[in-house]
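Inside the fold
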Amino acid sequence: MKFWKRGWLILVAEFCALAVDAQLQLVPNASAQGVFGGAAREIKIVWHNAGDQMTNAEIRARVFQASSATAVLLTDAPWKKLSVLPQQAVVESATLDFPAVKAETKFFVQWLAATNQILGVTEVLVYPTNLLAELKPLAHGEAI
C-alpha cells in the first residue's frame, strides 16, 4: 500500500512539473533566420511565460536538417536552464553548430522541456560560407 501511495505522489509531482513547463512558449519568428554554415552560429529566440507562476525549465535543442521529404536529426543537446517570471517575455540567443553546406539549406531547431515536451520550432536557413566569392570578378578587385 505504501508503494502505491508513493507512486501516486510521484505521478502527481511529475504532472505538476509538466503543467509548469506548459506555461512556457516559444514565440514564433515571422520568417526563417539566416546564418552561414559552421560552428558557433547565433540565432535569436523569444520565450514567453503565459502562466501566472514563475516557470523553470531545462531546455534541450534538437537540430534537424530538412529536405523536401525528410528531416534528419543532427544534434540533440542540452541548451540551458531557463527561469521566466509570470507574463514575461525573454529574448535569448542560442549558439548552435550547423554543418557547412553548398547551397541554401533548411534546418529546424526543435526546443524541448525535459526530454519530450516540445515547446516550439525555429526555422533556420544555412548558407555556404563562400556565398559572396562569385561577386569578386564583378567588383574588379575592390572590396564588396
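Thresholds applied
Residues numbered from 1 in each chain as written. Predicted model: local features only at pLDDT ≥ 70, side-chain atom pairs only at ≥ 80, totals over all residues. Heavy atoms only, no water. Salt bridge = Lys/Arg side-chain N within 4 Å of Asp/Glu carboxyl O. Helix = DSSP H or I, 4+ residues; strand = E, 2+ residues; numbered from the N terminus. Buried < 20%, exposed > 50% of the residue type's maximum accessible area, 1.4 Å probe, protein only. Core = buried A, V, L, I, M, F, W, Y, C linked by side-chain atoms within 4.5 Å. Contact = heavy atoms within 4.5 Å. Polar contact = N/O pair within 3.5 Å; in protein donor to acceptor, adjacent residues only side chain to side chain. Pairing = 2+ DSSP bridges. Axes fitted to C-alpha atoms, helices over the stretch in contact; angles between N-to-C directions.

Here's the deal with the pattern of salt bridges
The final tally for this structure, using the stated rule, is 5 salt bridges. In this structure, the salt-bridge partner of Arg 62 is Asp 76, at a minimum N-O distance of 3.2 Å. Remark: Asp 76 occurs in strand E5 (residues 71–84) and Arg 62 occurs in strand E4 (residues 55–66); sequence separation between them is 14 residues. Note on Asp 76: relative accessible area 32%, which makes it partly exposed.

What about the nonpolar core?
Core analysis: the biggest nonpolar cluster contains 25 residues, and Trp 47, Ile 59, Leu 96, Phe 98, Val 109 and Trp 111 have the highest contact counts within it. Put simply, the parts of the chain that give this core at least two residues each are strand E1 (24–27), strand E3 (38–49), E4, E5, strand E6 (89–98), strand E7 (105–113) and strand E8 (117–127).

Some words on unusual backbone geometry
Its identity is not glycine, yet Ala 40 carries a phi of approximately 55°, on the positive side. Take Ala 40: it is sitting in strand E3. By relative accessible area, which is 48% here, Ala 40 ends up partly exposed. Here Gln 87, not a glycine, exhibits a phi torsion of approximately 60°, which is positive. Here Gln 87 lies in the loop between E5 and E6. Here Gln 87 falls in the partly exposed class, since its relative accessible area comes to 48%.

Considerations on the environment of Ser 93
For Ser 93, the position within the fold is in strand E6. Along the backbone, Ser 93 and Ile 45 are 48 residues apart, and their C-alpha atoms lie at a distance of 5.9 Å. Once residues within four sequence positions are removed from consideration, Ser 93 is found in contact with Glu 42, Ile 43, Lys 44 and Trp 79.

Here we look at the side chain of Thr 122
Considering the arrangement of structural elements, one finds Thr 122 in strand E8. Thr 122 sits in the buried class, given a relative accessible area of 3%. In terms of polar contacts, Thr 122 uses its side chain to reach the side chain of Trp 111, at 2.9 Å. Ignoring anything within four residues of it in the chain, the contact list for Thr 122 reads Leu 26, Asn 29, Gln 33, Ile 43, Ile 45, Phe 107, Phe 108, Val 109 and Trp 111.

Let's talk about the sheet that holds E1
Spatial strand order, E1-E3-E6: 3 strands in an open sheet with antiparallel pairing. Here the strands that pair on one side only, and so sit at the sheet edges, are E1 and E6. Across the sheet, the mean angle from the axis of one strand to that of its neighbour is 40°, orientation sign disregarded. Pairing geometry for E3 and E6, over 9 bridges, is antiparallel. Bridge pairing links Ile 45 to Glu 92 in E6.

Focus on the pairing of E4
Looking at chain direction, E4 and E5 are connected through 12 bridges and run antiparallel. Its bridge partner being in E5, Asn 56 is matched across the sheet by Ser 83. What sits between the antiparallel neighbours E4 and E5 is a turn of 4 residues. Pairing of E4 with E7, which is carried by 7 bridges, proceeds in the antiparallel orientation. What sits directly across from Ala 61, in E7, is Trp 111.

Distances and angles like these do not, on their own, reveal function.
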